[in-house]
Amino acid sequence: MSPTDEPDIAAQAGVDERWMQHALALADRAEREDDEIPVGAVLVDAAGNVVGEGWNRNIGAHDPTAHAEIVAMREAGRALGNHRLIGCTLYVTLEPCAMCAMAMVHARLARVVFGARDPKTGAAGSVFDLLADPRHNHRVEVLGGVLGDEAGKRLTNWFRRRRGQPPIA
């Protein structure tokens, strides 16, 4: 890496954090509006335009596939008029599960940036590493841990409230 690459890396980190803040706001909507697990996702095209966004809706919709990532990708597919989301980056507050990871591969996403790691079902490196599996004909670039502490705390507190426990500070 040359010294001229450093500003690009810092600039991309700022962009990633800004979009993760947007995904966290969507996660708040999941909890506030639908009492869903607070996971939010926003899909951005190569030019930096929002083409899809969503939050978990699987409980209220009685739809096991209505994870935030799938909702955002469905919206993006309709907006772009294509099932391929080439050049797009998906920002999601929780590490994708196997279902969502494989949908990302099939959609040909360029990148996925996630917040909190999921040590139980994470499929972007924690439990499985489906996005980097060399047997796929497409690989998605992955960056994890962006605002991960904040995203993880929201998830932990949602589950604590459901169990009648006080939130963590």
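Remember, it's a predicted structure, so these values are computed and weren't measured experimentally.

Enquirer: Can you walk me through the overall build of the protein in this structure?
Expert: Helix and strand counts for the protein come out as five helices and five strands. Taken from N to C terminus, the helices and strands of the protein fall in the order α-β-β-α-α-β-α-β-β-α. For 169 residues, the compact-globule estimate of 2.2 N^0.38 gives 15 Å, and the protein sits close to it at 16 Å. On the principal axes, the C-alpha backbone points of the protein span a range of 50 × 35 × 30 Å. Counting contacts in the protein only where the partners sit at least 6 residues apart, residues at least 24 apart contribute 55% of the total. Carbon and sulfur atoms make up 54% of the accessible area of the protein, which amounts to about 8700 Å² in all. Across the protein, the 19 positively charged side chains and the 23 negatively charged ones have centroids separated by 5 Å.

Enquirer: I'm lost on the layout of surface pockets in this one. Help?
Expert: Any space left empty among the atoms is revealed by the rolling of a water-sized probe across them. Considering only enclosed or pocket space, the largest pocket measures out at about 550 Å³ in volume. For the lining of the largest pocket, the leading source of residues is helix α5 (residues 148-162), giving five residues.

Enquirer: Honestly, the environment of Arg160 in this entry has me stumped. Any pointers?
Expert: Here Arg160 lies in helix α5. Separated by 98 residues in the primary sequence, Arg160 and His62 have C-alpha atoms spaced 23 Å apart. The contacts of Arg160, once residues within four sequence positions are left out, are Gln165, Pro166, Pro167 and Ile168.

Enquirer: Is there a simple way to think about the UniProt feature "active site" (unreviewed entry) in the protein in this case?
Expert: Mapped onto this structure's residue numbering, the UniProt feature "active site" (unreviewed entry) falls at Glu69. As for its placement among the helices and strands, Glu69 is situated in helix α3 (residues 68-80). Ignoring anything within four residues of it in the chain, the contact list for Glu69 reads Ala41, Leu90, Val92, Leu94, Pro96, Cys97, Cys100 and Met104.

Enquirer: Sorry if this is basic, but what is going on with the pattern of salt bridges here?
Expert: Where charged atoms from two side chains of opposite charge approach closely, those side chains can pair. According to the stated counting rule, one finds 10 salt bridges in the structure shown. Arg135 is the partner of Asp133 in a salt bridge, and the nearest nitrogen-oxygen pair spans 2.6 Å. According to the relative accessible area criterion, Arg135 is exposed, its value standing at 74%. A single network of salt bridges, built from pairs that share partners, joins Asp16, Arg111 and Glu141.

Enquirer: Quick question: what am I supposed to make of the nonpolar core here?
Expert: Generally speaking, a soluble globular protein has its nonpolar side chains buried in company with each other. Leu43, Met73, Leu85, Leu90, Met104, Leu109 and Leu131 are the most contacted members of the largest nonpolar core, which totals 32 residues. Apart from the residues within four sequence positions on either side, Leu43 is in contact with Asn49, Val50, Val51, Gly52, Met73, Ala76, Leu85, Cys88, Thr89, Leu90 and Leu109. Membership of the second largest hydrophobic core comes to 11 residues, among which are Trp19, Ala23, Leu26 and Val44.

Enquirer: Where do I start with the environment of Ile9 in this structure?
Expert: One can find Ile9 in helix α1 (residues 5-34). Note on Ile9: relative accessible area 48%, which makes it partly exposed.

Thresholds, definitions, all that
Residues numbered from 1 in each chain as written. Predicted model: local features only at pLDDT ≥ 70, side-chain atom pairs only at ≥ 80, totals over all residues. Heavy atoms only, no water. Helix = DSSP H or I, 4+ residues; strand = E, 2+ residues; numbered from the N terminus. Rg over C-alpha atoms; globule rule 2.2 N^0.38 Å. Contact = heavy atoms within 4.5 Å. Areas by Shrake-Rupley, 256 points an atom, 1.4 Å probe, with all protein chains shown as cover. Lys, Arg positive; Asp, Glu negative; His and termini not counted. Charge placed at Lys NZ, Arg CZ, Asp CG, Glu CD. 1 Å grid on protein atoms, 1.4 Å probe; cavity = no way out; pocket = protein on both sides within 12 Å on 5 of 7 lines; lining within 4 Å. Points joined across faces, edges and corners; volume = space filled by probe spheres on them. UniProt positions renumbered as here; feature names shortened; annotations may be inferred. Salt bridge = Lys/Arg side-chain N within 4 Å of Asp/Glu carboxyl O. Buried < 20%, exposed > 50% of the residue type's maximum accessible area, 1.4 Å probe, protein only. Core = buried A, V, L, I, M, F, W, Y, C linked by side-chain atoms within 4.5 Å.

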